[in-house]
Structures are given as C-alpha cells and as structure tokens.
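Letter by letter, the chains look like this.
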Amino acid sequence: MSDYERTLLIIKPDGMKHRDTIVRRVRDAEFTVLQTRFVRLSPEQASEFYKTRQCDPCYHAMIVALTRGPIQVMCLSKVRAVEELLWLVGPESYRDAVKNAPGSLRAIFGDSRDDLRNAVHASENGEAAHFEVRFFFPTLILEPNFCEEKMNRYLEAMVNPTLMEGLYALAKERPAEPLIWLSNWLITNNPYKPSYQAPKTTTTVKIEPSKTESPMNKKPSDGSSMSQQNGGSRTDSKSDQGKERESCYCSGSDDFCPA
C-alpha cells in the first residue's frame, strides 16, 4: 500500500453556496481534512497562486474568478490523494465533466455558461500540490504520511514488545499509582533511549619551578660550624697566651705594669 499524499481543494466563490454539500462529498470519499481556512485573495495573491499558468489564454480571467469573493481552502490527505481528488472534481470544462464524469463535483455544481465558474479547484499533480499547500498553509509540516498498514507494522515491531513487557511488570507489581509507575518503567527500560557519554575531563597538573638556594643563603653544614668553633677556640687560646705574657712581663719589671 502506498504512502498517504496531501493535496489541495479550493471551493471557489461561485461554489461557496454549495460548500456544505461539497465538504460532505469529500468526507464521504474518505478524505481526511488536515486543515481548512476561509480567505479572500487579492489579485496579487491570485496571480502568485496561478504563476505557473501565466501562458494560459484564460490567465487573467482565472484571477478574476478566484478573487470574486471568499473561498474555502482545504488540505486533504488520502492514499493517492492527488489522483483521487481529480477524479472526484472531474474535468475543468463543464461539458466534459457532464459527458465523462456526470457524478463529479464540477458536473453537478459547475456553471454551464462559463467553464471558469466550475465550483472547485484541485491540485493537478504532486509538485503542484506541494506548492499550493505551502501557499495557503505555510506552517503545516509536510512530512510523509504513512499508511495505516505501515504504522501497524511499526507498532508491532518497535513499540508493542516493550509495552507488553511493561504491562506484565505492572500487573505483577500492582503499584498504588499504576500510570505513574508504568511511565517511569517505560522511561527506564526504553530500548531506544539515546545514550549519553560524558566527555572525559583532563586534570592539569601545575609544576612549579624548583627554588635553588644561592650560596649566600645556604646554611652552613656541620663541618663548617665545627671549623668555626675550632677557629674560635684557637683565637681564645691565643688571647690567653698573650695575657700570660703580659702577666709575666709585669711580674718581671717594677717600672711598667698595666694595672
């Protein structure tokens, strides 16, 4: 089964009186209305919308027909949405619509006197649908829409195993707050939880330069202190010997005595 597509449907000013019936026909065709809005375009906006059809002989008439009054714009979704919507709205010409698609919207609500007053507009192809949806719904996220079959396969393969394991653990545990317990269990046991590894921190070791003592500030070793002590004792002994000589000199002479 193909992926869902998005396409654009415009109920033109001449078709607004039938808009309830047109919307009901769209929903009966199993289209999903993703977004809808009512707007009245200026001639400048309409010319920008129809810029790919500037070479069409009816270009200016198309702008006039689209800006005649308010319009309803719908972004629709379905499998093969572009092709299915073109089949639903029918050919642009009223005569072709009546002849080839009598049950189409243009055959039922179109104006037999003017082919441009054909009630509705539909995107011609996928590229046009992308541009037109973006034109009227610029904030709509145009991500791929997966079909129901693919979504079911994804749930069965990626979600259901973990969910069933959590429900089994919930039934076994029987907590007072089952919803909170299950939510915490799913967060903790999520097999697809992104892992985060903290970056490794490097420790910077600051090495201070070694302080070298200068020879002037160097403390004397034991040997030098002993030599200083020996030198001091030698000086003391010399002074003692001098004193003895003086005393001897004083004792040997009566003329000179330092006392």
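Scroll up to find the structure this text is about.
Reading guide: rules and limits
- Residues numbered from 1 in each chain as written.
- Predicted model: local features only at pLDDT ≥ 70, side-chain atom pairs only at ≥ 80, totals over all residues.
- Heavy atoms only, no water.
- Buried < 20%, exposed > 50% of the residue type's maximum accessible area, 1.4 Å probe, protein only.
- Helix = DSSP H or I, 4+ residues; strand = E, 2+ residues; numbered from the N terminus.
- Salt bridge = Lys/Arg side-chain N within 4 Å of Asp/Glu carboxyl O.
- Contact = heavy atoms within 4.5 Å.
- Arc of directions from axis to C-beta.

Caption draft 1: Structural detail: unusual backbone geometry. The backbone phi angle of A119 is positive, close to 80°, even though this residue is not glycine. A relative accessible area of 0% means that A119 is categorised as buried. For R174, which is not glycine, the phi dihedral falls at a positive 55°. Structurally, R174 is set in the loop between helix 8 (148-173) and helix 9 (178-188). With relative accessibility at 72%, the residue R174 sits in the exposed group.

Caption draft 2: Quick peek at the pattern of salt bridges. What the rule picks out here adds up to eight salt bridges. Here K78 and E84 are joined by a salt bridge, their closest N and O atoms 3.8 Å apart. With relative accessibility at 16%, the residue K78 sits in the buried group. Look at E84 and you get partly exposed, because its relative accessible area is 23%. The shortest N-O distance in the salt bridge between R117 and D111 comes to 3.3 Å. For R117, a relative accessible area of 26% corresponds to the partly exposed category.

Caption draft 3: Seen up close, the environment of V82. Tracing the sequence through the fold places V82 in helix 4 (residues 81-89). Accessibility expressed as a relative area gives 9% for V82, which makes it buried. Between the C-alpha atom of V82 and that of E124, which follows or precedes it by 42 residues, the distance is 7.1 Å. If we skip the residues at most four places from it in the chain, V82 touches E5, R6, T7, S123, E124, N125, G126 and A129.

Caption draft 4: Structural context of helix 4. Taken together, the buried positions of helix 4 are occupied by A81, V82, L85, L88 and V89. Buried residues along helix 4 cover an arc of 130° about the axis, so they all sit on one side. For helix 4, the exposed residues lying more than 90 degrees away from the buried face are E83 and W87. For helix 4, the elements touching its buried residues are strand 1 (4-11), helix 1 (19-28), strand 3 (71-79), helix 6 (105-109), strand 4 (120-122) and helix 7 (126-136).

By themselves, these are just geometric observations and shouldn't be taken as functional.
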